[in-house]
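Take a look at the letters that make up each chain.
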Amino acid sequence: MTKFKFYLSGERVFSTMESALNKLYNKRHYGEVVNGKLFLSLVEAAYLLEKEWIKVFNGEKELTLEEVFELGRKKDEQFDLKFLVYKDLRDRGYTVKTALKYGSHFRVYRKGMEDHADWLIWVVNESQRMYPNELTARVRVAHGVRKKMVLAVVDEDNDVVYYQVGRIKF
């Protein structure tokens, strides 16, 4: 398979290759298209770089997977955790998009993007302290947009366990 060329642009990478837009966005639902360019988050770029589907350049210099991870870690201290969850969900066949406007890390679609996302995913480390009001707020937002709230807990062995969190009415 031909590797698609992407170029670093701030906290994302982009490609102007028509074939990248067609194969990665139209067929596999990676990234977002803005003004004819396909933009990927650094998590998406790291995933596709690891799969050897893309090459990432900063100017003329080709970046390694580790260099993309370093860029991600500079922007987000939880980059590694989010990558593990993203990779796990994508490897299971789900479409995964950012969900910052919903106060979560990811929104997840069962197949493709024909329908609305089923879940909002919040990524946490197993040793991370959480407060009840944080969970309550996330569950309320998810309920308000008709999605299920899921905690993706990453343990010290980098295994991911998913917990659906909801409210019960009596």
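Structure: see above.
First things first, this report covers the structure right here in the doc. (Residues numbered from 1 in each chain as written. Predicted model: local features only at pLDDT ≥ 70, side-chain atom pairs only at ≥ 80, totals over all residues. Heavy atoms only, no water.)

### Observations concerning the nonpolar core
Here is the rule we go by: Residues enter a nonpolar core if they are buried and are Ala, Val, Leu, Ile, Met, Phe, Trp, Tyr or Cys, with the set joined through side-chain atoms within 4.5 Å. Each residue is placed in one exposure class: buried if its accessible area under a 1.4 Å probe, protein chains only, is under 20% of its type's maximum, exposed if it is over 50%, and partly exposed if it falls in between. The numbering of helices and of strands both runs from the N terminus, where a helix is a DSSP run of H or I of at least 4 residues and a strand a run of E of at least 2. Contact definition: two residues touch when any of their heavy atoms are within 4.5 Å.
Core analysis: the largest hydrophobic core is formed by 37 residues, its most contacted members being Phe-6, Leu-24, Ile-54, Val-85 and Ile-121. Sort the elements by how many residues they give to this core and helix 2 (residues 42-50) lands first, with seven residues. In contact with Ile-121, other than residues within four places in its own chain, are Val-85, Leu-89, Ser-104, His-105, Phe-106, Val-108, Met-149, Val-150 and Ala-152. If you look at the next biggest cluster of nonpolar residues, it comprises ten residues, including Tyr-102, Trp-122, Val-124 and Leu-151.

### Focus on the pattern of salt bridges
For clarity, the cut-off: Salt bridges are counted wherever a side-chain nitrogen of Lys or Arg sits within 4 Å of a carboxyl oxygen of Asp or Glu.
Counted according to the given criterion, the structure contains ten salt bridges. The partner of Glu-67 in a salt bridge is Lys-61, and the shortest N-O contact between them spans 2.7 Å. Members of the salt-bridge network, linked through shared partners, are Glu-66, Glu-70, Arg-73 and Asp-80.

### Some details on the side chain of Lys-97
Stated formally: The charged-residue count follows a simple rule in which Lys and Arg add positive charge and Asp and Glu add negative charge, with His and chain termini not counted at all.
Its location among the elements puts Lys-97 in strand 7 (residues 95-98). No salt bridge is formed by the buried Lys-97; the nearest opposite charge belongs to Glu-44, separated by 4.4 Å.

### Observations regarding a negative patch on the surface
What counts here: Residues enter patches when their relative accessible area tops 30% and they take part in no salt bridge; the joining distance is 9 Å for like charges and 5 Å for the nonpolar side chains Val, Leu, Ile, Met, Phe, Trp and Tyr. Areas reported here follow the Shrake-Rupley algorithm with a probe of radius 1.4 Å; residue values treat only the protein chains shown as occluding. Lys charges are placed at NZ, Arg charges at CZ, Asp charges at CG and Glu charges at CD.
Taken together, the side chains of Glu-126, Glu-156, Asp-157 and Asp-159 define an acidic patch exposed on the protein surface. Along the polypeptide, Asp-159 turns up in the loop between strand 10 (148-154) and strand 11 (160-165). Among the residues examined, Asp-159 registers a relative accessible area of 43% and is labelled partly exposed.

### Remarks on the layout of surface pockets
Put simply, the test is: Think of a 1 Å grid over just the protein atoms. A cavity is a set of points where a 1.4 Å probe fits yet cannot get out, a pocket is an open set with protein on both sides within 12 Å along at least five of seven lines, and lining residues have an atom within 4 Å of a point. Grid points are joined across faces, edges and corners, and a volume is the space filled by probe spheres set on the points.
Put simply, the largest pocket is a space of about 710 Å³. Elements with a contribution of two residues or more to the lining of the largest pocket: strand 3 (32-34), strand 4 (37-41), helix 2, helix 3 (65-75), helix 4 (79-91), strand 7 and strand 8 (106-109).

### Some thoughts on helix 1 (residues 18-27)
Convention followed: Note: the arc covers the axis-to-C-beta directions of the helix.
Of the positions making up helix 1, those classed as buried are Ala-20, Leu-21 and Leu-24. Mapping the buried residues of helix 1 onto a view down its axis gives an arc of 105°, with all of them on the same face. Facing away from the buried side of helix 1 by over 90 degrees, the exposed positions are Glu-18 and Lys-27. Packing partners of the buried residues in helix 1 comprise strand 1 (4-9), strand 2 (12-15), strand 3, strand 4, helix 2 and strand 5 (54-58).

### Focus on the packing of helix 3 against helix 4
The criterion, for reference: Every axis in this analysis is a line fitted to C-alpha atoms, fitted for helices over the stretch in contact. Angles between the N-to-C directions lie between 0 and 180 degrees. Just so you know how the angles are binned, under 35 degrees is roughly parallel, over 145 roughly antiparallel, 65 to 115 roughly perpendicular, and the rest oblique. Ten residues, namely Ala, Val, Leu, Ile, Met, Phe, Trp, Tyr, Cys and Pro, are considered nonpolar, four, namely Asp, Glu, Lys and Arg, are considered charged, and the remaining ones, Gly among them, are considered polar.
At their nearest, the axes of helix 3 and helix 4 sit 8 Å apart, and the two run at 120° to each other. By the angle class used here, helix 3 and helix 4 are oblique. Counting all contacts with helix 3, which are made through Phe-69, Gly-72 and Arg-73, the residues of helix 4 involved are Phe-79, Asp-80 and Phe-83. Looking at the contact of helix 3 with helix 4 residue by residue, the classes come out as three nonpolar, one polar and two charged.

### Description of unusual backbone geometry
With a phi angle near 65°, His-29 is a residue other than glycine that sits in the positive phi range. Phi at Glu-52 is positive, roughly 65°, even though this residue is not glycine.

### A look at the packing of aromatic side chains
Defined as follows: Ring pairs shown here join Phe, Tyr and Trp side chains whose ring centres sit within 6.5 Å, with only the six-membered ring taken for Trp; geometry is labelled stacked below 30 degrees between planes, edge-to-face above 60, and tilted in between. Ring-over charges, as used throughout, are those where CZ of Arg or NZ of Lys falls within 6 Å of the ring centre and within 35 degrees of the ring normal.
Under the definition given, this model contains ten aromatic pairs. When the centroid spacing of 5.7 Å and the interplanar angle of 40° are considered together, the rings of Phe-14 and Phe-39 count as tilted. Of the two residues, Phe-14 is situated in strand 2 and Phe-39 in strand 4; the sequence distance between them amounts to 25 residues. The two residues Phe-14 and Phe-39 agree in class, both being buried. Relative to Phe-79, the ring of Phe-69 lies with its centre 5.3 Å away and its plane at 90°, an arrangement referred to as edge-to-face. Highlighted residues: Phe-69 in helix 3 and Phe-79 in helix 4, separated in sequence by ten residues. Taken together, the ring pairs connect Tyr-30, Tyr-47, Trp-53, Tyr-86 and Phe-106 into an aromatic cluster. A cation sits over an aromatic face here: Arg-90 above Tyr-30, 3.8 Å from the ring centre. Here the guanidinium or amino end of Arg-138 rests over the ring plane of Trp-122, the centre of that ring lying 3.4 Å away.

Keep in mind these values describe shape, not function.
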